[in-house]
Amino acid sequence: MRAVVQNDKKRAQLAVSTFRKTAVGSAALTLAAAALLSGCADGTEPATGHGGPAHAVDPRARAAAEHARLAAAARRWGLARAPLTPPAPPARKPEITPRDGFEVDGQEEDDLPPVFTTIPTKQRIVFLTIDDGAEKDPAFLRMMSELKVPYSAFLSNYLVKDDYGYFRRMQAQGVTLNNHTLTHPYLPGLTYEEQKDEICGMQAVMKKQFGKAPTVFRPPYGNYNGDTLRAAKACGIKYAPIWDEEVFVDHWEYRDWDRSLHPGDIVLTHFRGRDDWDGTMVDDMRRFLDKVTREGYAVARLEDYL
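Overview of the structure. (Residues numbered from 1 in each chain as written. Predicted model: local features only at pLDDT ≥ 70, side-chain atom pairs only at ≥ 80, totals over all residues. Heavy atoms only, no water.)

**A word on the nonpolar core**
Thought 1: F140, M170 and F288 are the most contacted members of the largest nonpolar core, which has 43 residues in total.
Thought 2: In contact with F288, other than residues within four places in its own chain, are V126, L128, V247, W252, V267 and V299.
Thought 3: Ranked by size, the runner-up nonpolar core spans 31 residues in total, among them L187, W243, L268 and L306. (Core = buried A, V, L, I, M, F, W, Y, C linked by side-chain atoms within 4.5 Å. Buried < 20%, exposed > 50% of the residue type's maximum accessible area, 1.4 Å probe, protein only. Contact = heavy atoms within 4.5 Å.)

Shown next, in the form of structure tokens:
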């Protein structure tokens, strides 16, 4: 009987000892994890036993790897070279005013949205904008995502309502979706109330389908009058960019006499495919990107400058 009691006592002591070691070990692990998380939270790398940071990546190596990735993507999409990387968005946004000759009566007095074709900047950047929404090419989404090319979409509901999901995928890639009216009419031919219905109606669609009513609007065909801008302002619009150049799958068109790109120019193209063009949106983007890159321009995000 005594031997049994002694054995039970030894087993109890062993259990207590094991519990204490486990508790100490768990506490040590907890403290180590906390230290690791603390290091990550303040931006520092956890130290290793060799006195150097663990998993540290040389910024030059990271940049070289990204350059190699973009070069491979450019080859895959048939570009002459990888697109140039745009500069960081400006800390102070430029002042946006109407282009000379593009004002309407009451422009300043009524603080109407400015109509402009270029962002004031000396940097060699241009802005890609794409209108309407007729063509919904998945290859285009892959191309622009892999190449990290920013662009802004101006949508008309009658062309996008058959597949809002396509543009939600675009939005998920960081693209800003903007207003281009419900039915793409010639706005100066409508009354103020009719124009307001077109613009505000699209604002409501954008809010419902994409979670946000935009502050940027492009009048169809680039045509507008004072009522257009007053209606746009009433609908929450702050800017009404049009364009300085337009790119098609087989040629470019220019607004200015010198037929050249300029720093800050807004470039227009359309969501179109073989039903309308002799080529695809990928072909269109290849023409656009090869030209701007060859001329030393990077593509920047329009909304970062507004």
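**Comments concerning the state of the cysteines**
Thought 1: Tallying each qualifying case throughout the model produces 1 disulfide.
Thought 2: Here C200 is linked by a disulfide to C235, with a sulfur-sulfur distance of 1.8 Å. Taking the sign of the S-S torsion, -100° for the link of C200 and C235, the bridge is left-handed. Taken together, the residues C200 in helix α6 (residues 192-210) and C235 in the loop between α7 (226-234) and β5 (240-241) connect sequence positions 35 residues apart.
Thought 3: Since its relative accessible area comes to 12%, C235 is described here as buried. (Disulfide = S-S within 2.5 Å. Helix = DSSP H or I, 4+ residues; strand = E, 2+ residues; numbered from the N terminus.)

**Thoughts on the layout of surface pockets**
Thought 1: What the largest pocket holds in volume is close to 370 Å³.
Thought 2: Along the wall of the largest pocket there are 18 residues; nearest its centre are M144, L147, K148, V149 and P150.
Thought 3: When contributions to the lining of the largest pocket are tallied by element, the ones reaching two or more residues are α2 (59-76) and α3 (138-147).
Thought 4: Looking at which element gives the most residues to the lining of the largest pocket, the answer is α3, with 3 residues.
Thought 5: The residue inventory of the lining of the largest pocket, partitioned by class, reads 11 nonpolar, 4 polar and 3 charged. (1 Å grid on protein atoms, 1.4 Å probe; cavity = no way out; pocket = protein on both sides within 12 Å on 5 of 7 lines; lining within 4 Å. Points joined across faces, edges and corners; volume = space filled by probe spheres on them. Nonpolar A, V, L, I, M, F, W, Y, C, P; charged D, E, K, R; others polar.)

**Focus on the environment of G201**
Thought 1: Among the structural elements, G201 can be located in helix α6.
Thought 2: A sequence separation of 34 residues divides G201 from C235, and the C-alpha atoms of the two residues are 8.9 Å apart.
Thought 3: The contacts of G201, once residues within four sequence positions are left out, are L182 and K196.

**Brief notes about helix α5 (residues 164-172)**
Thought 1: Buried residues of α5: Y164, G165, Y166, F167 and M170, and no others.
Thought 2: In the core, the buried residues of α5 are packed alongside α3, β3 (152-155), α4 (157-160), β4 (176-179) and α6.
Thought 3: Directly beyond the C-terminal end of α5, a positive phi value near 100° is found at G174.

**So, the pattern of salt bridges**
Thought 1: By the definition in use, this model includes 13 salt bridges.
Thought 2: Note that E146 is salt-bridged to R76, the shortest N-O span being 3.0 Å. In this pair, E146 is assigned in helix α3 and R76 in helix α2, connecting sequence segments 70 residues apart.
Thought 3: What makes E146 partly exposed here is its relative accessible area of 24%.
Thought 4: With a relative accessible area of 52%, R76 lands in the exposed category.
Thought 5: What you see here is one network of salt bridges that share partners, running through E66, R69 and K148. (Salt bridge = Lys/Arg side-chain N within 4 Å of Asp/Glu carboxyl O.)

Geometric values such as these leave the question of function open.
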